[in-house]
Amino acid sequence: MNLDNGGVNLHGRECYTAQISRSKTNQLLTHLIAPAYDAGMRDQLTEELDSPAVLDVEASGFGRHSYPIEVGFVLPNGHSFCSLIFPEPEWTHWDPKAETIHHISRDLLLQRGRPVVEVARLLNAQLMGQTVYSDGWANDYSWLGALFDVAGMSPGFKLENLRALLREDEADHWHEVKATVASERGPQRHRASADARLLQLTLQRIRVSNKSS
């Protein structure tokens, strides 16, 4: 039994006519909606590439014994997140030179850091399914790996190199534009999320300059 049109039983020519009518209607709707949908998707993709999710990790130093001490990110919509990380018992490495850059003391981590598992869960909750970009991809990838390994979890997002979003000419001007944007913003508290926001703003500035030139 073929039930359609509100439960009315259609047979023979009536059913055939109804199918033809529906087919034409669907074709018309597809013709009208698809271009608008495609344009909307293109606009959304362009916006995400111009203002992608950016992540930054601060660490105890460099080298095989270093570990993440703070992670932060900013999303395309401007939402930001930042958290200090309570060091695991085996995370004892500490580079005083690195502290002069990030200005985060180990005592501060012990006082205000979140447990590794909590940080990993928060990252997955807010970044699930997304592609997130980093300008220090090799180091940040390693430190995030250490974080999720200790947490016994897998990241629900993908970390990519921010360089992949830049053309050669854009990469050539990256540090110059970044310095200009940083100067315009004025003194900022050194946090991972603030660094991520600076990277995002730098990419936006480069893209705007290219569109206007």
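These figures come from a predicted structure and were not determined experimentally.

Asks: Even after reading the chapter, I still don't get the sheet that holds strand β5 (residues 80–84), so can you show me in this structure?
Replies: Think of a sheet as strands paired side by side through backbone hydrogen bonds, with each pair either parallel or antiparallel. Taking strand neighbours across the sheet as the criterion, the five strands line up as β5-β4-β3-β6-β7 in an open arrangement whose pairing is mixed. Looking at which strands have only one partner, the edges of the open sheet turn out to be β5 and β7 (158–161). Pairwise comparison of adjacent strand axes, ignoring direction, gives a mean angle of 30 degrees for this sheet. Bridge count for strand β6 (residues 131–134) against β7 is four bridges, and the pairing is parallel.

Asks: I keep staring at the nonpolar core and nothing clicks. Help me out?
Replies: Most often, soluble globular proteins have nonpolar side chains that are buried together. Of all hydrophobic cores here, the largest spans 28 residues; its most connected members are L55, V71, L123, L127, L144 and L147. Looking at this core, the elements that each hand over two or more residues are β3 (53–59), β4 (68–74), β5, α4 (116–127) and α5 (137–151). Those residues in contact with L55 that lie beyond four places of it in its chain are V71, G72, F73, L127, V132, Y133, S134, D140, L144, L159 and A196.

Asks: Help me understand the side chain of D56, please; the structure alone is not making it clear to me.
Replies: Its location among the elements puts D56 in strand β3. No salt bridge is formed by the buried D56; the nearest opposite charge belongs to K178, separated by 7.7 Å. When residues no more than four places from it in sequence are discounted, the contact partners of D56 are E70, V71, G72, D135, D140, A192, D195 and A196.

Asks: Honestly, the environment of A138 in this entry has me stumped. Any pointers?
Replies: When you line up the elements, A138 lands in helix α5. Of the residues examined, A138 reaches a relative accessible area of 54% and is grouped as exposed. Put simply, A138 and N161 are 23 residues apart on the chain and 8.2 Å apart in space, counted from C-alpha to C-alpha.

Asks: It is not clear to me how the packing of aromatic side chains should be interpreted in this structure. Could you clarify?
Replies: To describe a pair of aromatic rings, you give the distance between the ring centres and the angle between the ring planes. Within the structure shown, the criterion is met by five aromatic pairs. Ring geometry for Y67 against W91: centres 5.1 Å apart, planes inclined by 15 degrees, an arrangement best described as stacked. Linking Y67 in the loop between β3 and β4 with W91 in the loop between β5 and α2 (96–102), this pair joins segments that are 24 residues apart in sequence. The buried category is assigned to Y67, whose relative accessible area is 1%. Taking 5.0 Å as the distance between ring centres and 35 degrees as the angle between the ring planes, the aromatic pair formed by W137 and Y141 counts as tilted. Residue W137 and its partner Y141 are located together in helix α5, separated by four residues, close to a single helical turn. For W137, a relative accessible area of 31% translates into the label partly exposed.

Analysis parameters
- Residues numbered from 1 in each chain as written.
- Predicted model: local features only at pLDDT ≥ 70, side-chain atom pairs only at ≥ 80, totals over all residues.
- Heavy atoms only, no water.
- Pairing = 2+ DSSP bridges.
- Helix = DSSP H or I, 4+ residues; strand = E, 2+ residues; numbered from the N terminus.
- Axes fitted to C-alpha atoms, helices over the stretch in contact; angles between N-to-C directions.
- Core = buried A, V, L, I, M, F, W, Y, C linked by side-chain atoms within 4.5 Å.
- Buried < 20%, exposed > 50% of the residue type's maximum accessible area, 1.4 Å probe, protein only.
- Contact = heavy atoms within 4.5 Å.
- Lys, Arg positive; Asp, Glu negative; His and termini not counted.
- Salt bridge = Lys/Arg side-chain N within 4 Å of Asp/Glu carboxyl O.
- Phe/Tyr/Trp six-rings, centres within 6.5 Å; stacked < 30°, edge-to-face > 60°.

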